[in-house]
Each structure stands twice: as C-alpha cells, then as structure tokens.
Amino acid sequence: MKKIKPVVVIGAGPAGMGAAIELVKADVPCMMIDEAPRPGGQVYRQPPTKFQTQEKYKLNSEQKRGKDLYTQWLEVKDKVNLLSSTSVVGIWNEKEVIYSSEGISGIIEAEQIIIATGAYERPVPFPGWTLPGVMTVGGVKSFIKTMFVKPGKQAVIAGTGPLLISTANRLHEIGVNVMAILEAGNPPWTSGAFSKEWQEVDFAQDIANDLEELKGNNIPLLFNHTIFEAHGKSEVTSVTYGEVDAKDWKPLNDTKRTINADLVALGFGFVSNTELSMLAGCRHDFHPGIGWYIVRNEMMETTVPGIFSVGDGALIGGAIIAEQEGRIAGIKAAQNAGAITAGDAEKYFEKHLSRLHSFKSFRISINEATAMRKGLLYLPKVETLVCRCEEVVFSDVNTAIKEGAGDLQSVKLLTRLGMGPCQGRNCASSMGMYLCETLKKTPEQIGRINSRPPVKPVTLGALAKMINAEEELSNPFDAITAGGRI
Amino acid sequence: MKNADVIVVGGGVIGCAVAYYIAKKGIPVMLVDEPKRGRATSASAGGLWPLGESIGLGCGVIFHKAMIEKGLIPPDSHVPPQLPKTFLDFAIQSNAMFPSLAIELRETSGIDFEYEETSLLFLMYDEGDVAFAKPLYANCPCGRSRIDWLTPNELRKVEPAITHNVLGALRFNGDNQVNPYALSDSFREAARKLGAQIITHTEVKGIKVSSGRITGVETTTEFIGCKYVVNAAGAWAAQIAKTAGIELPVYPVRGQIVGTEALPDIISACISTNDCYLAQKKHGEIIIGSTTEEVGFNVGVTPSAIKELTAGAIRAVPFLEWVKVKRVWSGLRPGTADEMPILGSVSGLEGYINACGHFRTGILNSPLTGLLISEIINGEKLSIPIEPFLLSDERLNGSITSNHKVSVFSQEQQTIIISIKGMTCEGCVTNVKKTLNSLQGVTKFEVSLGDHQAKISYNAKEILPDTVIAAIDELGYKAHSPLAAKCIGL
Amino acid sequence: MKDTNHTIKTISSNDYRIQEGIARGTEIEIIVDGKSIKAYEGESVAASILATGKRSLRTTSKSYEPRGLYCAIGICFDCVMTIDNIPNIRACQTFVRNGMIIETQQGEGKWRVEP
Ligand SMILES: Cc1cc2nc3c(=O)[nH]c(=O)nc-3n(C[C@H](O)[C@H](O)[C@H](O)COP(=O)(O)OP(=O)(O)OC[C@H]3O[C@@H](n4cnc5c(N)ncnc54)[C@H](O)[C@@H]3O)c2cc1C
Ligand SMILES: Cc1cc2nc3c(=O)[nH]c(=O)nc-3n(C[C@H](O)[C@H](O)[C@H](O)COP(=O)(O)OP(=O)(O)OC[C@H]3O[C@@H](n4cnc5c(N)ncnc54)[C@H](O)[C@@H]3O)c2cc1C
Ligand code: FES
C-alpha cells in the first residue's frame, strides 16, 4: 500500500481539533501546526501548564461545551504530530507549507492541507482607538482566561454581538467594574425570546444564561449605542459615547456623553483569517451579507483540490460549527488519501452534515446581525488613524481618493495604508467599505489588500536556515525545539 | 468614440514615463493599463546603477555565480557578462536626468520619488571577487572619480553594519536609487496633470492595423482610434506586438525579492555581492534581490531562492539574522537575449513604436526612454542614437546574446602614470623601457628620469597595472601608482 | 449606564494579577526599562508588564503616540517592544524567561548592528 503523506492541519482550535480527531480515527497521519503554546484555539484557550486554576474558571458554558471535544482530543493527541509555538508563514506553490519557530524554519511539501486559522476582530476606527487600554473583546477574554491578569479597573464594552455579554460577565467576575455594554444594534437574542432556529442551537441557551448573569451583575446593556471617542494621554482615561441611528448605526452627535473608564473592549464582529487560503490561490468571492468568503464545496474543499478551509477562518459561525466543519474536512481528506472508502465516508459525514445544516439559518442570522453597518464610518475624524501600523489618518485616504485612487490597492500605494506588519488586517475591511460607499463601487471593484508571505513574523535568520521537513530529517518533528508538545 | 494621437499600452514605469514626456510636448496621449500579476515596476528594487549593471553587478553577478554552480559556465570565469558601450552611454545619460527630474516631477505631480545619492558598493569576499574587481577598478570606463577601492577599514568606517569578513569593496559613485513605485506614480500623475488620459484596469486586447498603418487599439470594452501605439507592456509586450503581426523577442524573466521590516537608517549605500544585493529604502525597509529565472509567467516564490537570498544578506550584513522579513515576492522583468531594451519604430508598420525589453534596468532607463519616444513621435532630433536599440533582424533571431564580444571596456585604451623610485641614470631608463617592451598588452610608454615616472598606455583586456608595477619592482626599483597600490596591498 | 461620574478606583496592591483560585508556579524576574519586576513562568511579556499597571508598551515612529495591548492574539503588532536587544517583538506572543531584558520601544527601536 502506498505510504500516506501526512495531512497538514493549520490551527489547533475547535476546527483543527475536529479535523485531527477524524484523521487519526481513519489512521491517516496528521501534522498539526499552531502558533500558540497549547491547543484549544481562541475559544478553548488554556492557561500555561504551570498554572493551576480552580474549577470555577473552567466551568463557564463555553468550556463545558468544549469538554467533549477535549476528551476526544486527549484520546488521539499522541498520534498527532503537533508543532506548537510554530507559525505557518506561507503556503507557496499551492501546497508547500512554510513554518517557523524560534529561529528556524521548515518546509513541508503537503498533498492535503486543512486550513483552520480562525478569525480576528473587525476593526472600527474612531478617535482614540489606538490608546493603550483600548482592546478587542476577544483579546480581553483570551487575556484574562489564559493570563489571569486584569487589563484595567473600570471598563466600557462596545460593539455588537453576544460576545460582548460574556466578556462583561468575565470582567465582572474578576473584579473589573463594567460601566456598560454599548450594543450598536438591537439584535434578536436580546429580546429573550429566541426564534425557532435559534432554539435549536445550544448557543441560544448560553446567550440566555449570559443575559441572566448580566442582570445579576447589574451591568447596563444599552441598545443602539456605541462609543464615539476614547480620551487620554498616555492611556485611556475616559470615553465619549452616545446613541446611533437604528438603521445604519450612524452616530447621533447630540446624544453624546462622557464617562470615566481605563479599559475599552471593542467587538464589532469577526473577520476570517484568509491570508493562507489567498496565498494558496483558493478562490474568494464577495457576498453582500457576509463579506468576502472562501468558495468551498459541501465537503469544505476549496477551489484548489486538496486544500480545505474550515471554521471561523472560512466563515464566521463559532466553535460548534467550526468543530463540525473540521470533522467533515478530516473525513474527506481521509477518503482522498484512500484510507477510508467513499461509502464509509458517506456514513461518517452524515451526522456532521445534518448538524451543520441545522445551524444554517442561525449562522445567516448571526452574520447579518453582527455585520458592520455603514453609519459607523462617520466615527473617524480627519485626524483619526485608520491604519494603525503606518499611521495613516482618515484625511490621507480622502486625499488619495481625490487624487484618483479608485481601489484599495491604489490607496495603499498612495498612502502606505495596509503596508505595515499587520498586512492590512486592521484597516482593509473598514476602508474597503468606506471606498465602496464613497466611490459607489462594488467590493469586487474596490478589491482587497493582497496578502503576501510571510503572514506571520519570521526572521531572515530563520528563512536562511530553512530545512525540508521530509528530506533532511527522518523525523521532521525533532526539528522543532520550541514549545512543548502537549 | 474615444481617440487620441498616441496610445501607450502598459502603465509600468516605462509606459508612464513615455506618457509623461509625450504629454509634456502637448501631444494628446492616452495610457491604458491592466495591472497584471508580476508587473515589474512594482516588484523592482529601484536601483539606478548604470555602471554597476553595465559591468554585470546587481542581478548579473548573482546569476553568473548560480550558472557556475550549475556547471553551465566554467568556474574560472570571474567576469559576468558585460554590456556594450552603447548601453552604458544610454544608462549614464538616463541616470544623469534624475536629479532635475526629481524636482520637476515633484512640482508637477506632488509626488516625491525618493531619489537618494547612495553609491553602490561591491563587496569582495574572496580572491575570485578581487580578481573580478581589479580590472573594473583599473579600467573604469567612466573615469577615476566614479570609482573607489575601499580597504576593509575604510569600508567599516562608512558602513559599520557590514561584515568584517571582506577583502575590501569597490564603490561606484553616482550609482544611486529611487523608490520605483513612487517614480512610476509621479510620472503617471504628472502626465495626468499635463493632460494625458489615464485608463486603468483595462486590458488592450489587440492593435488594429489597416494597410500597413496603425488605426487604433481594441480594449476589453471598446475600440480607441489613434495614430501611434507605443508598446510598453513589459513582459507582456510580445503578446501585444503579435496582434499587429510583429514578432518581438521579449520574454518574462522572474526575479524574487525579499523585503525586511522597517529599520532605522542602517546601510547608506546600495550593496552588491555575488549572492544578493541590498538597498535600504527611505521608509526603512531593506530590499534584498534577486534571482534571474525563466519560468514563464509564474509569479510564485520558491523556498530555495528565499533561503539563498536571506543567507546572502546575512553574510553581507550579519545583524540581519535577527531582523524580520516583511514580505517576499517576485516580478517579471521584460527580458531580451542581449539584455538591451527594444526601442523605436519597426519597418513595415507605420505608427507602431516599441518601448520594451528593459530587462534589469527599466527603472534606471525610464526617463531617457520616455524622452526618446516623445522625440520620435514629435519628429525631433534624437537625444541619443537609437540604432543599437532598434528591432533588428539579428536581435529577432536571437543571434546576439548577453555575452557581447564588445564589452564596455574594450574600446578603452587605458593610460596610467607610475612613479619609479631608484632610477639614477639613463641606463636605468633603458632597463625599464626594455622590460616594458617585453610586457604583452603595454602598447606605448614614456619613461622620464627627471620626473621619476613612466606614462604607460596598455590594453586593459591583456594586462593590469599591478603586473606592470611588479615587473619594474623586479628590476630593483620601487614602482608605485595610487591607482594600483590598493590592489597590490591585498 | 452606571453613574457616569464614577471615578476609577485605585487598586491598592500594585498588582493586577487575579489572586483568588489560582496558583502560578515558578516566580522569576525580568528587567523592564532597567527595573527588575516579578513574573511567572508561562506568562506573556504583556501579562507580566500589565500586572504592574503599566499599559503603554511603545511609542510609534511617526507621531510618537503611546500604544499597548490591543488584539492580544498576535495580529495587530501594536504591543511590540525591544526584547533582549531586538526591536519589534510582540509582547503578547512572547513568553517571559528569567533575566529577560525588555524595553519600552521608541519608534523603530535601536538595533545593535555591528558585527
Ligand atoms: C481573540 C478571540 C477570542 C474569542 N473568544 C471567544 C470566546 O470566548 N467564546 C466564543 O464563543 N468565541 C470566541 N471567539 C470566536 C472564535 O473564533 C470561535 O468561537 C472559535 O474559536 C472558532 O474556532 P476555529 O477553530 O475556527 O478558530 P480558532 O479557535 O481561532 O483557532 C485557530 C487557531 O489557528 C491558529 N493559527 C492561526 N493562524 C495561524 C498560523 N498562520 N500559523 C499557525 N497557527 C495559526 C491560532 O493560534 C488558533 O489557535 C473568539 C475569537 C477571537 C478572535
Ligand atoms: C526583482 C526585480 C528587481 C529589479 N530591480 C531593478 C533595479 O534595481 N533597477 C532597475 O532599473 N530596474 C530593476 N528591475 C527591472 C525593472 O523593474 C523593469 O525593467 C521595469 O519595471 C520595466 O517596466 P515596464 O513598464 O516595461 O514593465 P512593467 O512594470 O511590467 O509594466 C508593464 C505594464 O503593462 C501592463 N500590461 C501588460 N499587458 C497589458 C495589456 N494587454 N493591456 C494593458 N496593460 C497591459 C502590465 O500589467 C503592467 O502594468 C527589476 C526587476 C525585478 C523583477
Ligand atoms: S496585542 Fe496585537 S499583536 Fe500583541
């Protein structure tokens, strides 16, 4: 029998773990790479191995739900070659995966790749959003649940979506005074009465519980409100907020008020990490409801055969959906590798596919509810930074437009917007939308900021010492010295 | 129906320069560009190295070394292919346009293309590099002031970040750099301000010809009538030419390139070694180039090339080991077999003009190319003879390759003055003369007892000054030339 | 909104670490801007520094603005500091080591360039 090449799984969040579990079940070698020191992804991120925490920190609803997955993971993990504290910096020539860890780099010539790289928070620029003390809600959550350090003392949470609520509760739990949640929308979950499709998802129950807890914690939840400005010199000390128009969230300036806060947590929904699939040449399309997305078939395979994209890295849906997608991709990859028959695959798929199907309308509604509304584009002033890295201000973009820039790429060339180390992750989505609105063009015409390798930092020294994981070492995993394998 | 006198196909640095110079003459011009992946201008390093490039530095020497490693050229061939004098003259003249162009374009377009007088350093790692550098130093075709030989100590003083494991460096004064995107943008914006129509994101599908004359171009959306078409489509120029029935020997030559994170000012000169070249740009990024590969229109990057370029950069500037790579990418040079651009009209098709095939030096040669094409269209006297750059039958057959018989040096008969200590009588003079007479390559000499020196003319291809000095020393005199001294000191 | 005139309470202990229900393991020392501070193995540089109440981790190179922890997951590059003489290292993605030398980075930072 032909030796099966390892399937490379990038990302060890719920999506990647789901894939790895199915691969191991089918006896397909699996190589998993994650830049974090321990698996779990954003939602199940764990504290350092040396930390011992009481049960109460583990028992929130998400962690509980993750338990099943984690138990299954523990059963298979010894059969997974997990390179932790290792970043994938690029996928070249379709299937050459380049990774880097602590001063060295390596290349894997893969046959199949499952990209499960998750998402990051959608940036919304407003005056003062670059001050220390202004963070993302996901960042705040992840920081407290892994490091057990308070990022501030008195918080205002702004944005949209259910994550704001659980973040408020977590902050409250650790003794941070949460002044309010500013929810820009008036989304369906807040009525308490969930529609049918929502009830089918365990997630709805979580949200209901979180809302109860919020009440108990006495944290006000203000609808159709958002943050207008963060003030402070060396860090944030106060915040101006107010009401927004219910339809497109345009700030209503005569409702402005100011409040003291040294922590601002922002969560305006998520953007998928698509750099790797873009580099691999997978097709991405635009959908008015959900934005740019990776084109995939039902089995999670992209337009490049052998490359799968799953979880929040493909389309925002949260942890449960991510896991199902990962499993489906794992099964399909095993079938492609000849480890299981089409018939068996069919059987295994069924459960996950029908589960996914039941989430479909939920997913559409969560994407719609948290989609960025154009009224928020009125928040930045002329001197507000819109590109944090290259310190490009809003008026620079307007000047570029006046000079004839008709798409993101030409704004980039004229202003250096998106040319910094974050590669446009913190400016492309907001400024892309701004260009669409101002120039009355479609997102396809405005285009995107092309991702270029390396998508994660890597030193010249590491690239100069690149090894071929298969050719140069009998066991490629010996090459990785950094980060304990867990 | 749209129309213009002149349509320029391609909006890279060449197309933009052509549009600018034409617009400057008040001629209605339209530039049509479809941004293709791999377009050279946005991949380029932005070096203006007329001398360096003519004698095979920059990409040339890296490619040369790679060819030796692959066994495609003999290992003792130290000298990478050199370009003919006509090329050097063109490049020098184009280079000389930059200082005033910087002011002119800033005023017209509002864009600063970041012209910097950096000089170019060639680092000598080993005897092979020294052997390569010596004749360049001795016989610099542009005169002594253009070139310096730096000892390791001198080098350390001017470039403290450079490795100490060097035998010295050649410095080419007047070989400088710009920001290539800004250059191209400033040409384009200046052209626009002067009335040029700029149409972007539009592909030219074909050139329309009727009874031996250009009538216009067909784009993805419409037909545009014109009298002249300038083909500035870079690596895609042959495809455009074909639609007018012209065969053009221009093909894509891939170059991979690495850019670092932004750094404070660390290297002030551009640096060329036989592994890579490095140039720190205004905003702090160090650009490291580049490969020379014929892989069609593939614009990927390869692990092996990136590995070699990064290793080469660390060898030259060791602290780069800890510096982060910001991006790696590749671009397609518009290659020609003889490494010379293809410019001007072709016989049998009126109104068609080439401005392509600029290979490794399109940034450097853009101003003069633009000027020349505008002069052709305006029917003026040309600033430089165009004949060597026309599309000739030989060039079409590819019978001229980069191994030019006539290099930049060969026309140059060199003369140096050597001081000689210890000559006391006419007998000594006769001795020296006899020896000089016996040296092959020395063509003429005068020895003066009163001035204690000899003026010697020689053929640079056959003999080096230090050989002459050594021969005189052997007679028991002490010969010295400031020019040759440093070479011998090694 | 809670009482809008609410002033920010000062935390009496100079330590933002959550104490209740967590045991941290090995204590080590790191040097931040020349001062020695306490840290625990497994902590990120950002966590050890924020635990002291310091939140500005660098200033930018064009407008000299302070920046701190923003995304906390390694994608924004706002938390970069000079760590063991190497500028632009993400404090949220780098884990402390005993004796690590960390500096609040000014602009592009200072490199040791001489070979
Ligand atoms: C900061 C943050 C916090 C969040 N917190 C919560 C929460 O508390 N509750 C909740 O329900 N949802 C949360 N989410 C939403 C979250 O995206 C989903 O719930 C879920 O984690 C998605 O699973 P996934 O497997 O698709 O991606 P993730 O869980 O995000 O996993 C992706 C993994 O890929 C790794 N990775 C990414 N790029 C590379 C690369 N180039 N090389 C190597 N590894 C890479 C990452 O380290 C990560 O571990 C959060 C999202 C973010 C961004
Ligand atoms: C890695 C690298 C480093 C380099 N370094 C230097 C250097 O240091 N110094 C130097 O002088 N030179 C350098 N060069 C060479 C220089 O970049 C090129 O010679 C120069 O950019 C060529 O310019 P161009 O306008 O002819 O081509 P391009 O910049 O490729 O422009 C051609 C344009 O035409 C467009 N086009 C093509 N077909 C069509 C069509 N059918 N319709 C409409 N538009 C079309 C293309 O999309 C493109 O925009 C380098 C090149 C590379 C790749
Ligand atoms: S806080 Fe965003 S990279 Fe560290």
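Here the structure is a predicted model, which is why all the values come from computation and not from measurement. (Residues numbered from 1 in each chain as written. Chains lettered and ligands numbered in written order. Predicted model: local features only at pLDDT ≥ 70, side-chain atom pairs only at ≥ 80, totals over all residues. Heavy atoms only, no water.)

## Thoughts on the packing of aromatic side chains
All names here are of chain B.
Turning to step 1, where the next piece is worked out: Here the structure, examined in full by the defined rule, presents 14 aromatic pairs over all chains.
Turning to step 2, where the next piece is worked out: Each ring, one from Phe-98 and one from Phe-113, has its centre 6.0 Å from the other, and the planes form 85 degrees; the classification is edge-to-face. Residue Phe-98 is located in helix α5 (residues 98–109), and its partner Phe-113 is located in the loop between α5 and β4 (120–124); the two are separated by 15 residues in the primary sequence.
Turning to step 3, where the next piece is worked out: Aromatic ring contacts, followed pair by pair, group Tyr-20, Tyr-21 and Phe-187 into a single cluster. (Phe/Tyr/Trp six-rings, centres within 6.5 Å; stacked < 30°, edge-to-face > 60°. Helix = DSSP H or I, 4+ residues; strand = E, 2+ residues; numbered from the N terminus.)

## Here we look at the site of ligand 1
Turning to step 1, where the next piece is worked out: Neighbouring ligand 1 are 35 residues; Asp34(A), Gln42(A), Val88(A), Lys141(A) and Asp312(A) lie closest to it.
Turning to step 2, where the next piece is worked out: More than one chain reaches ligand 1: the nearby residues come from chains A and C.
Turning to step 3, where the next piece is worked out: At 2.6 Å from an oxygen atom of ligand 1 is found a side-chain nitrogen or oxygen belonging to Asp34(A).
Turning to step 4, where the next piece is worked out: A distance of 2.8 Å separates a nitrogen atom of ligand 1 from a polar atom in the backbone of Val88(A). (Near = heavy atom within 4 Å. Polar contact = N/O pair within 3.5 Å; in protein donor to acceptor, adjacent residues only side chain to side chain.)

## Points about the side chain of Thr274(A)
All names here are of chain A.
Turning to step 1, where the next piece is worked out: Its location among the elements puts Thr-274 in the loop between β18 (270–272) and α8 (275–279).
Turning to step 2, where the next piece is worked out: Relative accessible area serves as the criterion here: at 7%, Thr-274 is assigned to the buried category.
Turning to step 3, where the next piece is worked out: Here the side chain of Thr-274 touches Arg-448 through a polar contact of 3.4 Å, side chain to side chain.
Turning to step 4, where the next piece is worked out: In this structure, Thr-274 is in contact with His-284, Ile-294, Gly-313 and Arg-448, ignoring residues within four places of it in sequence. (Buried < 20%, exposed > 50% of the residue type's maximum accessible area, 1.4 Å probe, protein only. Contact = heavy atoms within 4.5 Å.)

## A closer look at the packing of helix α1 (residues 14–25) of chain A against helix α9 (residues 319–336) of chain A
Residue and element names in this part refer to chain A.
Turning to step 1, where the next piece is worked out: For the pair α1 and α9, the least separation of the axes is 6 Å and the interaxial angle reads 35 degrees. The crossing of α1 and α9 is right-handed. Seen from α1, the contacting residues are Pro-14, Ala-15, Gly-18, Ala-19, Ile-21, Glu-22, Leu-23 and Lys-25; seen from α9, they are Ala-319, Ala-322, Glu-323, Gly-326, Arg-327, Gly-330, Ile-331, Ala-333 and Ala-334.
Turning to step 2, where the next piece is worked out: Residues of the contact of α1 with α9, tallied by class, amount to 10 nonpolar, three polar and four charged. (Axes fitted to C-alpha atoms, helices over the stretch in contact; angles between N-to-C directions. Left-handed = near helix turned anticlockwise from the far one by under 90°. Nonpolar A, V, L, I, M, F, W, Y, C, P; charged D, E, K, R; others polar.)

## Comments concerning the pairing of β4(B)
All names here are of chain B.
Turning to step 1, where the next piece is worked out: β4 sits mainly inside the fold: five of its five residues count as buried.
Turning to step 2, where the next piece is worked out: By the alternation rule, side chains of β4 split into Leu-120, Phe-122 and Met-124 and Leu-121 and Leu-123, which are all buried.
Turning to step 3, where the next piece is worked out: Bridge count between β4 and strand β14 (residues 270–272): three bridges; the pairing is parallel. Residue pairing for β14: Leu-120 is matched across the bridge by Cys-270.
Turning to step 4, where the next piece is worked out: Examined bridge by bridge, β4 and strand β6 (residues 168–172) share five bridges and lie antiparallel to one another. Note on β6: the bridge partner recorded for Leu-121 is Arg-171. (Pairing = 2+ DSSP bridges.)

## Here we look at the packing of α5(B) against helix α8 (residues 180–193) of chain B
All names here are of chain B.
Turning to step 1, where the next piece is worked out: With their axes 9 Å apart at the nearest point, α5 and α8 run at an angle of 55 degrees to one another. Judged by the angle between their axes, α5 and α8 are oblique. Seen along the crossing, α5 lies across α8 with a hand that is left-handed. Contact with α5, carried on its side by Phe-98, Leu-101, Leu-105, Thr-108 and Ser-109, involves Leu-183, Ser-186, Phe-187, Glu-189, Ala-190 and Lys-193 of α8 and no other residues of that element.
Turning to step 2, where the next piece is worked out: Along the lines of polarity and charge, the residues of the contact of α5 with α8 split into six nonpolar, three polar and two charged. (Parallel < 35°, antiparallel > 145°, perpendicular 65-115°, else oblique.)

## Observations regarding the site of ligand 2
All names here are of chain B.
Turning to step 1, where the next piece is worked out: Around ligand 2, a shell composed of 40 residues is seen, among which Glu-34, Thr-41, Gly-47, Phe-359 and Arg-360 lie nearest.
Turning to step 2, where the next piece is worked out: Ala-45 is positioned such that a nitrogen or oxygen atom in its backbone is 3.3 Å from a nitrogen atom of ligand 2.
Turning to step 3, where the next piece is worked out: Contact with the protein chains removes 99% of the 1,000 Å² of surface that ligand 2 exposes when unbound.
Turning to step 4, where the next piece is worked out: For the shell around ligand 2, the secondary structure elements donating two or more residues are α1 (13–24), β13 (251–260) and β17 (325–335).
Turning to step 5, where the next piece is worked out: With three residues, the single largest contributor to the shell around ligand 2 is β17. (Areas by Shrake-Rupley, 256 points an atom, 1.4 Å probe, with all protein chains shown as cover.)

## What to know about the domain arrangement of chain A
Residues and elements named next belong to chain A.
Turning to step 1, where the next piece is worked out: Per the domain assignment, the segments making up chain A are domain 1 (7–120 + 271–368), domain 2 (123–268) and domain 3 (380–446).
Turning to step 2, where the next piece is worked out: The C-alpha centroid of domain 3 is placed 31 Å from the C-alpha centroid of domain 1.
Turning to step 3, where the next piece is worked out: Of the residues lining the interface, six residues belong to domain 1; the matching set on domain 3 comes to four residues.
Turning to step 4, where the next piece is worked out: Buried surface at the junction of domain 1 and domain 3, summed over both partners, amounts to about 470 Å²; 63% is from carbon and sulfur atoms.
Turning to step 5, where the next piece is worked out: There are one salt bridge connecting domain 1 and domain 3.
Turning to step 6, where the next piece is worked out: For Arg-425, the salt bridge is made with Glu-275, and the minimal N-O distance between the two is 3.2 Å.
Turning to step 7, where the next piece is worked out: The interface formed by domain 1 and domain 3 includes one residue pair in polar contact (both at pLDDT 80 or more).
Turning to step 8, where the next piece is worked out: In terms of residue class, the side of domain 1 that touches domain 3 is built from four nonpolar, one polar and one charged. (Domains from an automatic or database assignment. Buried area = accessible area lost by both parts, 1.4 Å probe. Salt bridge = Lys/Arg side-chain N within 4 Å of Asp/Glu carboxyl O.)

## Details of helix α4 (residues 137–147) of chain A
Residue and element names in this part refer to chain A.
Turning to step 1, where the next piece is worked out: The buried count for α4 comes to 11 of 11 residues, which makes it a mostly enclosed element.
Turning to step 2, where the next piece is worked out: Listed as buried for α4 are Val-137, Gly-138, Gly-139, Val-140, Lys-141, Ser-142, Phe-143, Ile-144, Lys-145, Thr-146 and Met-147.
Turning to step 3, where the next piece is worked out: Phe-148 lies just past α4 and shows a positive phi near 55 degrees.

## A short note on the environment of Leu69(C)
Residue and element names in this part refer to chain C.
Turning to step 1, where the next piece is worked out: With respect to the helices and strands, Leu-69 occurs in the loop between β5 (66–67) and β6 (80–83).
Turning to step 2, where the next piece is worked out: For Leu-69, a relative accessible area of 3% puts it in the buried group.
Turning to step 3, where the next piece is worked out: C-alpha separation for the pair Leu-69 and Glu-103, spaced 34 residues apart in sequence, amounts to 15 Å.

## So, the interface of chain C and chain A
Turning to step 1, where the next piece is worked out: Counting residues at the interface gives 52 residues for chain C, matched by 64 residues for chain A.
Turning to step 2, where the next piece is worked out: Overall, the association of chain C and chain A removes approximately 5,000 Å² of surface from exposure, summing both partners, and the carbon and sulfur fraction of that is 57%.
Turning to step 3, where the next piece is worked out: When the buried surface of chain C facing chain A is broken down by residue, Met1(C), Arg55(C) and Tyr70(C) rank first, second and third, together holding 19% of it.
Turning to step 4, where the next piece is worked out: At the boundary of chain C with chain A, the tally comes to four salt bridges.
Turning to step 5, where the next piece is worked out: Here Asp78(C) and Arg388(A) are joined by a salt bridge, their closest N and O atoms 2.6 Å apart.
Turning to step 6, where the next piece is worked out: One can count 19 residue pairs in polar contact (both at pLDDT 80 or more) joining chain C with chain A.
Turning to step 7, where the next piece is worked out: Contributions of two or more residues to the side of chain C that touches chain A are made by β1 (22–23), α1 (45–50) and β5 of chain C.
Turning to step 8, where the next piece is worked out: With two bridges joining them, strand β3 (residues 52–53) of chain A and β1(C) adopt antiparallel strand pairing. The partner of Gln52(A) across the bridge, within β1(C), is Ala23(C).

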